[in-house]
Amino acid sequence: MASAASTSLERTYRYLRIGLAGTVIAIFVAIAQAATTYGWLTSISDYFYTPARDVFVGALIAVSLALFALSGRGAERALLDAAALFAPLIALVPTTLAPGAVPGVDVLCTGRCFPPAYEADVANGVVVYLVLGMLLLLVALLLGALGQVSLAAVWPSLLIAAVVIAVTGLTWAFARDAFLQNAHFIATTAFFALFAAVAVRNAFPRQGPPPAPVFRLLYIAIAVGLVLVLVAYVVLLPQASGSGIPIVLIVEAIALALFFVFWVVQGIEKWSDPDPSIIAG
């Protein structure tokens with residue numbers, strides 16, 4: 001029975017990693033199809049305002065669920081759980097736009113700002129996010145009280161979740177304009193920064209044997225690439241609308257490609273791992 005259970009667990013983790021890589025392909029295909037009508041927009045996030053929206057949102061929600069399932073233990077659990085909290089915010093709170101950036105979407109400012117017609121959609125998504133987030137915390141605490149989950153092991157994840165949910169709820173309630181203007185940018189930056197940290201932790205695990213040199217090199221390259229991409233994203237986004245070249249779109253595409261590569265490398269490295277969590281230990 002133990003062997004059968006182990007094989008089933010291995011398959012589950014394999015499928016989750018394959019699925020995470022598949023979400024990137026889904027987003028790229030949806031954007032490429034939308035680009036045939038809307039052209040190449042300023043950023044990948046701008047395609048939220050096109051028919052690619054459904055795939056974009058669905059893929060990011062799927063990413064969130066898969067990251068929770070793969071979160072492993074220790075620091076890696078906290079990092080991936082935190083990334084899983086930010087992924088839905090990237091999906092549910094769209095980016096700001098410059099006037100004329102997306103045909104048919106009205107923006108009432110001279111710079112980048114949030115299209116007011118989409119505020120009701122965001123309100124619906126944020127309320128659902130907050131309710132489910134609080135329920136998740138309550139369920140985790142209940143499982144801990146019943147001895148089904150070790151609160152000593154998961155308290156960092158619970159603390160991060162409580163802070164993210166509280167900050168999201170308070171800013172939505174009392175600083176809504178600032179929330180709409182900045183939430184997508186902050187969530188995107190946090191998500192990929194956390195993933196850069198995950199890549200570093202995979203290159204230098206504190207528990208279990210170190211990865212083979214080729215995998216360590218790949219994880220380090222992914223982490224360095226994500227850091228460089230984040231710097232470029234922060235620097236270039238404010239001036240993205242002034243360039244005829246979709247530089248931010250290219251930067252975001254590289255970030256997604258690195259996310260894809262990470263899960264391919266993880267899948268290859270841990271394909272036959274008897275303890276296939278994000279970091280075996």
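The structure under discussion appears in the preceding block.
Residues numbered from 1 in each chain as written. Predicted model: local features only at pLDDT ≥ 70, side-chain atom pairs only at ≥ 80, totals over all residues. Heavy atoms only, no water.

1. Looking at the pattern of salt bridges
A pair can form between side chains of opposite charge whenever their charged atoms are brought close. Taken as a whole and judged by the stated rule, the model has 5 salt bridges. Taking the shortest distance from any N to any O, the salt bridge between R14 and E10 comes out at 3.2 Å. Placement of both R14 and E10 in helix α1 (residues 2–38) is noted, with a separation of 4 residues, approximately one turn of the helix. Taken as a pair, R14 and E10 share a single burial class, namely buried. (Salt bridge = Lys/Arg side-chain N within 4 Å of Asp/Glu carboxyl O. Helix = DSSP H or I, 4+ residues; strand = E, 2+ residues; numbered from the N terminus. Buried < 20%, exposed > 50% of the residue type's maximum accessible area, 1.4 Å probe, protein only.)

2. A look at a nonpolar patch on the surface
Together, V127, V128, V131, L132, M134, L135, L138, L141 and L151 line one region of the surface with nonpolar side chains, adding up to about 790 Å² of accessible area. It is helix α4 (residues 119–145) that provides the largest number of residues to the nonpolar patch, a total of 8 residues. Turning to its location among the elements, V128 is positioned in helix α4. Classification of V128 as partly exposed rests on a relative accessible area of 43%. (Patch = residues over 30% accessible without salt bridge, like charges linked within 9 Å, V, L, I, M, F, W, Y side chains within 5 Å. Areas by Shrake-Rupley, 256 points an atom, 1.4 Å probe, with all protein chains shown as cover.)

3. What to know about the packing of aromatic side chains
A complete count under the given rule lists 14 aromatic pairs for this structure. With centroids separated by 5.3 Å and ring planes inclined at 80 degrees, the aromatic side chains of F48 and Y49 adopt a geometry described as edge-to-face. Taken individually, F48 and Y49 each receive the classification buried, so the pair is uniform in this respect. Note on F185 and Y233: the rings are 5.4 Å apart at their centroids and 20 degrees apart in plane angle, and the pair reads as stacked. (Phe/Tyr/Trp six-rings, centres within 6.5 Å; stacked < 30°, edge-to-face > 60°.)

4. So, the side chain of T168
Position of T168 relative to the elements: it lies in helix α5 (residues 151–174). Take T168: its relative accessible area is 5%, and that puts it in the buried class.

5. Observations regarding the environment of W271
Inspection of the secondary structure puts W271 in the segment after α8 (247–269). Between the C-alpha atom of W271 and that of R17, which follows or precedes it by 254 residues, the distance is 9.8 Å. Non-local contacts of W271, meaning those with residues more than four positions away in its chain, are made with E10, R14 and I18. (Contact = heavy atoms within 4.5 Å.)

6. Observations concerning the state of the cysteines
Per the stated rule, a full pass over the model turns up 1 disulfide. In this model, C109 is linked to C113 through a disulfide, with the two sulfur atoms separated by 2.0 Å. One quick way to see it: the torsion about the S-S bond of C109 and C113 is about -100 degrees, and its sign makes the bridge left-handed. Taking the relative accessible area as the measure of exposure, C109 reaches 25% and is therefore partly exposed. (Disulfide = S-S within 2.5 Å.)

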